[in-house]
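Residue-level structural notes
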Amino acid sequence: MAQPITAEDFIAFDADQARLGQLLFYDKILSGNRNISCGTCHHHDLGGSDGLSLGIGEGGTGLGPTRTPGDGPDRIAKRIPRNAPALWNLGHKDVRVLFHDGRLEISNIYGNGFDSPAEEWLPPGLQSMLAAQALFPMTAQFEMAGNTGENEVIGAVTDRIDLGWPILAKRVRTIPEYGQMFVDAFDHIDRSEDVTIVEIGNALAAFIGTEWANYDSPYDAFLTDGTPLPDTAERGRQLFFGEARCAQCHNGPLLSDQDFHAMALPAFGPGRTRQWDPIPRDVGRMGATDDLEDAYRFRTPPLRNVALTGPYGHNGAYTQLRDMVRHMADPVTMRTEWTPALAALPQVPWLQTIDFVIQSDQLEMARHAATLDVKPVSLSDAQVDDIVAFLESLTGVSALDLPLGRPATVPSGLPVD
């Protein structure tokens, strides 16, 4: 059985900083071309995600499953290589690793408190791992920075990952409304000129960490005061923590061991290519550690509000929670039977040749399929339905009515998705 969650389990973020972070979260000024915000891919209306298997990032238009890849010279050049991760309860004190491959961890290896893609160039002063995480989509070409030659942010990031952040910070602090809000929210900021990317990251973290703190689900009521679950969900709970063996990895207060496991999800998309590994594949944790033992292993996702955050898997291989449960029970069979129709991949004609090219690499597919960290479990259709009912009981009563929500306008004047 999982452990109950209380308010004391969360980092105590400042309310004024959270309100500032709410505006920044939905303000496209933090993107290189001023055309995408954090909220575009982590939207309130979509459970803090985007409803797509692989996101349509910089250059796209619209929101969620109806988002289109753009056209002309501004169209997207690549799908986002991984599924947009959920934001629920990331302010919990137990969170110790972020991103699907865990490339952000608490560590003092570089003297700034974190082991991150920015290494020693991550600025000091970020007050949480969540604050550090918030900075990296801004530096990613296909997420928020834009393509080479399009703006000064991507040009700076191409030289070194941290050089784009001062450009974005200047954009924000020179807007009078933002400047005053930073002075009001941060004790050490006496004038707008003092605002850096550190304060922006801390404000974003305050918003994300408080807005998506949610633990009022039927299952939480079961944990705290013994309120019975519906019969189907109770059967699913017993399976989850019993013979289905889900809790071997989905355990602890967040229903995640925060470790990395290979589940043989079907491979597709552009992959996370590396400097010396340009193949369109995703080697998971190995991409962060360069350890062959970590190949194809991905972080166990937390499960509270999981019914709101499909598609599922590091690449969003399944849109339906039921199919994901079936895959976790029998990865080999489900991988063999998988078709693109089970995912949510909007048509992008100029990317079709790359979407599934990795599946023609027989050696890569053999390595990928052979790396599996679970033994299959035989589940009937009724048992799968019961487990899904239990997972649906993890949805918070207030999950669709969060404290701050989406702002109608932002200080930059740019449109809000």
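Above this text is the structure in question.
The sections below set out a description of the structure shown in this document. (Residues numbered from 1 in each chain as written. Predicted model: local features only at pLDDT ≥ 70, side-chain atom pairs only at ≥ 80, totals over all residues. Heavy atoms only, no water.)

By size, the foremost hydrophobic cluster in this structure holds 65 residues, and its most contacted members are Leu24, Phe25, Leu30, Leu122, Met138, Phe182 and Ile200. Looking at this core, the elements that each hand over two or more residues are α1 (15–25), α2 (38–41), α3 (129–135), α5 (152–159), α6 (165–173), α7 (176–185) and α8 (197–211). At nine residues, α8 tops the list of elements feeding residues into this core. Leave out the neighbours within four places in its chain, and leucine 30 touches Leu24, Met138, Met144, Leu168, Val172, Ile200 and Leu204. In terms of nonpolar packing, the next biggest core, distinct from the first, is built from 37 residues, Ala2, Ala244, Leu265 and Ala329 among them. (Core = buried A, V, L, I, M, F, W, Y, C linked by side-chain atoms within 4.5 Å. Buried < 20%, exposed > 50% of the residue type's maximum accessible area, 1.4 Å probe, protein only. Helix = DSSP H or I, 4+ residues; strand = E, 2+ residues; numbered from the N terminus. Contact = heavy atoms within 4.5 Å.)

The next subject is the packing of helix α10 (residues 231–240) against helix α16 (residues 381–392). The contact between α10 and α16 brings their axes to 7 Å, and the two run at 100°. The angle between α10 and α16 falls in the class roughly perpendicular. In contact with Thr232, Ala233, Arg235, Gly236, Arg237, Leu239 and Phe240 of α10, α16 contributes Gln383, Asp386, Ile387, Ala389, Phe390 and Leu391. Along the lines of polarity and charge, the residues of the contact of α10 with α16 split into seven nonpolar, three polar and three charged. (Axes fitted to C-alpha atoms, helices over the stretch in contact; angles between N-to-C directions. Parallel < 35°, antiparallel > 145°, perpendicular 65-115°, else oblique. Nonpolar A, V, L, I, M, F, W, Y, C, P; charged D, E, K, R; others polar.)

Next up on the list: unusual backbone geometry. Each neighbour pair has its own omega, and for glycine 310 with proline 311 the value is 0°, a cis peptide bond. Note that proline 311 resides in the loop between β5 (298–299) and α12 (321–329). Phi is positive for leucine 255, close to 55°, though the residue is something other than glycine. Mapping leucine 255 onto the fold places it in the loop between α10 and β4 (260–261). One non-glycine residue, tyrosine 296, lies in the positive phi region at around 65°. Take tyrosine 296: it is sitting in the loop between α11 (286–289) and β5. Accessibility expressed as a relative area gives 6% for tyrosine 296, which makes it buried.

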